[in-house]
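Structure assessment
Here are the chains, one letter per residue:
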Amino acid sequence: MSTQRRQFTAFSRLLHWTMAAMVLTMLCIGVAMVVSLDRYHVLVSIHRPLGIAILILVVVRFVNRLLNPPPPFPGTMPGAERLAATASEFAMYGLMFVLPLVGWGMLSAARYPIVLFGSVHLPFILPQDARLYSVLRMAHTLLAYVFFLTFIAHFAAILFHTLIVRDGMLKRMVPWNIRPE
Amino acid sequence: MSSIPGAAAGAARQRLGKTSAAASFALIGVALAAVIGTFAYVGGWFTPNALTPARITDGFEHVDGVHPGFRRNHAKGVGVSGFFESNGNGVRLSKAVVFRPGRVPVIGRFSLGGGRPYVADTPDAVRGLGLQFSLPDGELWRTAMINLPVFPVRTPEAFYQLLIASKPDPSTSKPDPATMKAFLARHPETVKALTVIKGQPVSSGFGNSTFHGLNAFRFSSPAGDSIPVRWLVTPMQPFEAASAGSAPRAKNSLFDALIAAIHRQPLQWRLVVIIGQPGDPTNDASIGWPAERQQVDVGTLTLDRVESDETSAAADINFDPLVLPAGITPSDDPLPSARSAVYSQSFTRRAGETKQPSAITPADVRRGG
């Protein structure tokens, strides 16, 4: 039997940590900008291109996930927990894809320009429709809170495995390479 | 009691294990609380009294009532459309495509300030003009202007306080003088601005009003300079003073006259850019720049079509003053960002509501005012 990988590939780990930073920044900017006056414009100007960057990267990440399956779960994990971990992983892929798309769609329906930088802007992907905007705007907020809660569950689970179970689960994803067994 | 060393050690280990597990759980709790706390903090949960876009929008609803489907400010209005013909004079000032010689389509909306959609027209009500320029490369430029030469306040906080102070007392239908006096005592800049505003003669209608962008922006020039600017549109229709006195007017007299005028012939304005000099404040919309500042006529706005909010494309446009093309950027003025935030809040609220018919109906527009 070939020696099984104990870690995600270096590229997978790079994507994970880069996107973790982007998503957390994004969630914080999202809740901050809706209560901001003076900083509203600056925050929105970051929020839109950053969201589109996440949309592009999640597609890369999903393809990478199919090409490079994760290393095995530690033996300490019962089947149900493995199922929950995989389900939350795919839920987060789904949210990273759907949230920017809903954002792009709602801005399209309201005819807010989606400026990336300078004069570079995205086309509108939905017809102008205030009602549609209203529904998508609510969905955007709701999905963002679902994402935050999913992230909290993910964060709590890895802390539990690292500090209580101590099964070295975090080693699968640490940015540095660990020695093979 | 018999003591078995091995068992004691085991119990100690277990106790130690329990303590260590408790510490680990505590650590997990702290880590989760820190993350959730940060999220809640940036989301404003710990500062419930801070001024937010929602609170300012609530302020409009508090003063003018909730009128579902209508803008929370500038509720009463009509849509217009036409084009902007650039003369090329702005090319050296800004890289924005809108200033290249040629014509771009424009959608706009004339309105009265305030959140009451059926308010009777009066000459001294604030008149608004929102414009959207659709640039050939797909960029949009939106600006929302009013007929006041300066804005009464400098900051979003002062705006909110003035808004609340201006709520009419139900018994007198005028703002409470004591509240207003207290506000003015705290805001000398507003007293100065009101003097300037009252010193400017009011024109007879929308068509011969000058509309001011008020806030300072920056132009990025092809030479690489960042130029502080303000803009306004000056009417090509001759000035005529609003008639004084309290002669009874039709409820929609200003809009009726506007509709009749556009049915007769297109209305035109010159788009004028005022070039700021170093030292001119860009963060204070309550004071104008010196009168001798260079003014550049960059083109002509022609509005040749008028429509009710019921049919006009302008009805669903949020005239967000920070929808800017490349070549125009915000300055350090705190108001545009706040306006952008509050307009967005107002737009989101009305987008989900069912609107009542507007004061100016499609039939009013067909009749020609």
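What you see is a predicted model; the values in this text were computed from it and never measured.

Observations concerning the overall build of chain B
What chain B contains, in helices and strands, is eight helices and 10 strands. A compact globule built from 369 residues would reach a C-alpha radius of gyration of about 21 Å, whereas chain B, at 27 Å, exceeds it by more than 25%. When the backbone C-alpha atoms are referred to their principal axes, chain B occupies close to 110 × 60 × 45 Å. Looking at the 369 residues of chain B, the share that counts as buried comes to 42%. When contacts within chain B are restricted to residue pairs at least 6 apart in sequence, long-range pairs at least 24 apart make up 76% of them.

Describing the overall build of chain A
Broken down by element type, chain A carries four helices and two strands. Across chain A, helices and strands are ordered from the amino to the carboxyl terminus as α-α-α-β-β-α. The principal-axis extents of the C-alpha atoms in chain A amount to approximately 60 × 30 × 30 Å. Looking at the 181 residues of chain A, the share that counts as buried comes to 26%.

Brief notes about the interface of chain B and chain A
Each partner contributes residues to the interface: chain B has 39 residues there, and chain A has 31 residues. Elements represented by at least two residues in the side of chain B that touches chain A include exactly helix 1 (5-42) and helix 7 (334-351) of chain B. Residue contributions to the side of chain B that touches chain A peak at 10 residues, all from helix 1 of chain B. Partitioned by chemical class, the residues of the side of chain B that touches chain A number 26 nonpolar, 10 polar and three charged.

Concerning the pairing of strand 2 (residues 102-112) of chain B
All names here are of chain B. In terms of strand pairing, strand 1 (residues 76-86) meets strand 2 through 11 bridges, oriented antiparallel. Across the sheet, Phe-84 pairs through a bridge with Val-104, a residue of strand 2. In this sheet, strand 3 (residues 127-134) lies alongside strand 2 in antiparallel orientation, the contact comprising seven bridges. Looking at strand 3, one finds that Arg-109 is bridged to Gly-130.

What about the environment of Ile-46 of chain A?
All names here are of chain A. Residue position: Ile-46 is located in helix 2 (residues 40-67). Given 14 C-beta atoms within 10 Å, Ile-46 falls into the partly exposed group. Put simply, Ile-46 and Ile-125 are 79 residues apart on the chain and 20 Å apart in space, counted from C-alpha to C-alpha.

So, the packing of helix 3 (residues 156-165) of chain B against helix 4 (residues 177-186) of chain B
All names here are of chain B. Put simply, helix 3 and helix 4 touch, their axes get as near as 9 Å, and they point 160° apart. On the basis of their axis angle, the class for helix 3 and helix 4 is roughly antiparallel. Crossing hand, helix 3 versus helix 4: left-handed. Between helix 3 and helix 4, the contacting residues are Gln-161, Leu-162 and Ala-165 on the first element and Thr-179, Met-180 and Phe-183 on the second. By residue class, the composition of the contact of helix 3 with helix 4 is four nonpolar, two polar and no charged.

Topic: helix 7 of chain B
Helical geometry: 3.6 residues make up each α-helical turn, so side chains three or four residues apart lie on a common side. Between its first and last C-alpha, helix 7 of chain B extends 26 Å over 18 residues, near the 26 Å set by a 1.5 Å rise per residue. Judged by how many residues are buried, helix 7 of chain B sits mostly within the fold: 18 of 18 residues are covered.

Some thoughts on the pairing of strand 1 (residues 114-117) of chain A
In this sheet, strand 2 (residues 120-122) of chain A lies alongside strand 1 of chain A in antiparallel orientation, the contact comprising three bridges. Bridge pairing links Val-115 of chain A to His-121 of chain A in strand 2 of chain A.

Here we look at the confidence of the model for chain A
On average, residues of chain A carry a pLDDT of 95, and 97% of them reach 70 or more. Highest mean pLDDT in chain A belongs to helix 1 (residues 10-33) of chain A (98); lowest belongs to strand 1 of chain A (94).

So, how was this worked out
- In this convention, every chain numbers its residues from 1, walking through the sequence in written order.
- Numbering of ligands from 1 and lettering of chains from A proceed in the order in which they are written.
- With pLDDT at 70 or above as the cut-off, local features in this predicted model cover only qualifying residues; side-chain atom pairs require 80 or more to be listed or tallied, and sums for whole chains, interfaces and linings still use all residues.
- Every helix listed is a DSSP run of H or I at least four residues long, and every strand listed is a run of E at least two residues long, numbered separately from the N terminus.
- We compute the radius of gyration from the C-alpha atoms alone; for a globule the expected value is 2.2 Å times N to the 0.38, where N is the number of residues.
- To sort residues by burial, count the other C-beta atoms lying within 10 Å of each one's C-beta; a count of 20 or more means buried, 12 or fewer means exposed, and anything in between means partly exposed. C-beta atoms are built from the backbone.
- Contact definition: two residues whose C-beta atoms, as placed from backbone geometry, lie within 7 Å.
- In this classification, the charged set is Asp, Glu, Lys and Arg, the nonpolar set is Ala, Val, Leu, Ile, Met, Phe, Trp, Tyr, Cys and Pro, and all remaining amino acids, among them Gly, are polar.
- Two strands pair under a simple rule: DSSP has to find at least two bridges between them.
- Inter-axis angles, ranging from 0 to 180 degrees, are taken between N-to-C directions of lines fitted to C-alpha atoms, where helices are fitted over the stretch in contact.
- To sort the angles, those under 35 degrees are grouped as roughly parallel, those over 145 as roughly antiparallel, those from 65 to 115 as roughly perpendicular, and the leftovers as oblique.
- Crossings are assigned a handedness: left-handed for a near helix turned anticlockwise from the far helix by less than a right angle, right-handed for a clockwise turn.
- Here a helix's expected span is defined as the number of its residues, less one, multiplied by 1.5 Å.
- Each residue carries a pLDDT value, the predictor's own confidence for that position, ranging from 0 to 100.

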